[in-house]
Amino acid sequence: MRIAILPDNEAIGKVGADLIEELFNRKPEAILGLATGSSPLPIYQEVIRRHRGGKVSFAKGRAFTLDEYVGLPVEHPQRYRNFIRQEFTDQVDFRDEEVNSPEGNAEDLAQACADYDQAIKDAGGVDLQILGIGSDGHIAFNEPGGSLASRTHVGVLTEQTRTDNARFFDDDLNQVPTHCVTQGLGTIMEARRLVLVAQGDNKAEAVRQMVEGAISAHWPATIMQMHPDAWILLDEQAASKLKLSDYYREVWEKSNL
Ligand code: F6R
């Protein structure tokens, strides 16, 4: 894992945007994996700035989002399909039809999940996957106790995740969906590069487990220790429980981007 402990969201945004810019300038038809939620927003905002400054284009690119709530109305702003367009893809030059999301309202959800997994494979696989982490250690919506090798599937959100996400639903837990569709850990691990972002104290324990804990379905993000090219971008608060933080800082300073 390449661990960056950075002073603020601006620095996180720059490192994440550097990686995306480098990828699309080298490979304009690249496939970007997109997370929703708050964590990646500094990266998306910096990428939007660079796009407007003519430094990076997504005109030939494709994108796949990680997950979706089940049962939200098509126009609901917290439907991840809508969220990602508003916060990122509509603000750059991605072709709308090339921004793919799992279908949370399909009649046959299991089939829709299998189709989504296949669509990622058929497209050639994700080049760079942006990730956040839940305070319970989930990545995408792979909650504790699931298979470390899962494919895209229907899941049940933990009470913890629903409580964390209630801020997007008028702080009303009853409005937060109970079910989701999510890329599986096995699906995510096939991306060629993973870039996970975490900020704030409430992520510190999940980050400690992800980086320094034993690999376990109890903390799903620990599977990332098995990925050959995983980048972890943290602010000081999210990094505050890491035992070897001084060493990670030294390694980061001595490595070239
Ligand atoms: C969202 C996703 C989730 C979030 C995680 C953190 O597409 O995959 O795993 O990344 O729940 O959410 P935030 O960033 O809102 O703290």
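My aim in this report is to walk through the structure given alongside it, one point at a time. Note that the coordinates shown come from a computational prediction; the quantities given were computed from them, not determined experimentally.

Reading the values: rules and limits
- Residues numbered from 1 in each chain as written.
- Predicted model: local features only at pLDDT ≥ 70, side-chain atom pairs only at ≥ 80, totals over all residues.
- Heavy atoms only, no water.
- Phe/Tyr/Trp six-rings, centres within 6.5 Å; stacked < 30°, edge-to-face > 60°.
- Helix = DSSP H or I, 4+ residues; strand = E, 2+ residues; numbered from the N terminus.
- Buried < 20%, exposed > 50% of the residue type's maximum accessible area, 1.4 Å probe, protein only.
- Near = heavy atom within 4 Å.
- Polar contact = N/O pair within 3.5 Å; in protein donor to acceptor, adjacent residues only side chain to side chain.
- Areas by Shrake-Rupley, 256 points an atom, 1.4 Å probe, with all protein chains shown as cover.
- Nonpolar A, V, L, I, M, F, W, Y, C, P; charged D, E, K, R; others polar.
- Pairing = 2+ DSSP bridges.
- Contact = heavy atoms within 4.5 Å.
- Axes fitted to C-alpha atoms, helices over the stretch in contact; angles between N-to-C directions.
- Parallel < 35°, antiparallel > 145°, perpendicular 65-115°, else oblique.
- Left-handed = near helix turned anticlockwise from the far one by under 90°.
- Core = buried A, V, L, I, M, F, W, Y, C linked by side-chain atoms within 4.5 Å.

## Regarding the packing of aromatic side chains
Next up, step 1: For the structure shown, the criterion picks out 15 aromatic pairs.
Next up, step 2: Both rings, one in Tyr44 and one in Phe88, keep their centres 4.6 Å apart while their planes meet at 10 degrees; by these two values the pair is stacked. Remark: Phe88 occurs in the loop between α3 (80-87) and β5 (99-100) and Tyr44 occurs in helix α2 (residues 41-52); sequence separation between them is 44 residues.
Next up, step 3: Owing to a relative accessible area of 0%, Phe88 belongs among the buried residues under this scheme.

## Observations regarding the site of the ligand
Next up, step 1: The environment of the ligand is made up of 15 residues, and the closest members are Thr36, Ser39, Asp67, His138 and Ala140.
Next up, step 2: With respect to the ligand, the backbone of Ser38 contributes an N or O atom lying 2.9 Å from an oxygen atom.
Next up, step 3: Within the side chain of Ser39, an N or O atom sits 2.4 Å from an oxygen atom of the ligand.
Next up, step 4: Contact with the protein chains hides 95% of the accessible area of the ligand, taken as 410 Å² for the molecule alone.
Next up, step 5: Split by residue class, the shell around the ligand holds 5 nonpolar, 7 polar and 3 charged.

## A few points about the pairing of strand β6 (residues 128-131)
Next up, step 1: In β6, alternate side chains face the same way, and those of Leu128 and Ile130 on one face and Gln129 and Leu131 on the other are all buried.
Next up, step 2: Two strands pair when backbone bridges link them, and strand β2 (residues 31-34) and β6 are joined in this way by 2 bridges, in the parallel orientation. Along β6, the bridge assignment pairs Gly33 with Gln129.
Next up, step 3: Examined bridge by bridge, β6 and strand β9 (residues 193-198) share 4 bridges and lie parallel to one another. Note that in β9 the partner of Leu128 across the bridge is Arg193.

## As for α3
Next up, step 1: When α3 is considered as a whole, its buried residues turn out to be Tyr80, Phe83, Ile84 and Arg85.
Next up, step 2: Buried residues along α3 sit against β2, α2, β3 (62-65), β4 (67-69), β5 and α5 (159-165).

## Examining the packing of helix α1 (residues 9-26) against α2
Next up, step 1: Running from N to C, α1 and α2 cross one another at 60 degrees; their axes reach a closest spacing of 7 Å. By the angle between their axes, α1 is oblique relative to α2. As for how α1 packs across α2, the hand of that crossing is right-handed. From α1, Asn9, Ile12, Gly13, Lys14, Gly16, Ala17, Asp18, Ile20 and Glu21 reach across to α2, where they touch Pro42, Ile43, Glu46, Val47 and Arg50.

## Topic: the environment of Asp117
Next up, step 1: Summarising the element assignment, Asp117 is placed in helix α4 (residues 109-122).
Next up, step 2: A C-alpha to C-alpha distance of 9.1 Å links Asp117 and His153, two positions 36 residues apart in sequence.
Next up, step 3: Those residues in contact with Asp117, other than ones at most four positions away along the chain, are Arg151, Thr152 and Thr187.
Next up, step 4: A polar contact is formed between the side chain of Asp117 and the side chain of Arg151, at a distance of 2.7 Å.

## A word on the nonpolar core
Next up, step 1: Core analysis: the largest hydrophobic core is formed by 78 residues, its most contacted members being Phe58 and Phe88.
Next up, step 2: Broken down by element, this core gets its largest block of residues, 8 residues, from α1.
Next up, step 3: Those residues in contact with Phe88 that sit more than four places away from it in its chain are Leu32, Leu34, Tyr44, Val47, Ile48, Phe58 and Phe94.

## Brief notes about the sheet that holds β2
Next up, step 1: Strand order across the open sheet formed by 7 strands is β1-β10-β9-β6-β2-β3-β5, with parallel pairing between neighbours. Here the strands that pair on one side only, and so sit at the sheet edges, are β1 (2-6) and β5.
Next up, step 2: Sheet topology places β3 next to β5; 2 bridges connect them, and they run parallel. The partner of Ala63 across the bridge, within β5, is Val99.
Next up, step 3: The strands touched by helix α8 (residues 245-254) within the sheet are β1 and β10 (230-235), with β1 carrying the most contacts at an inclination of about 100 degrees.

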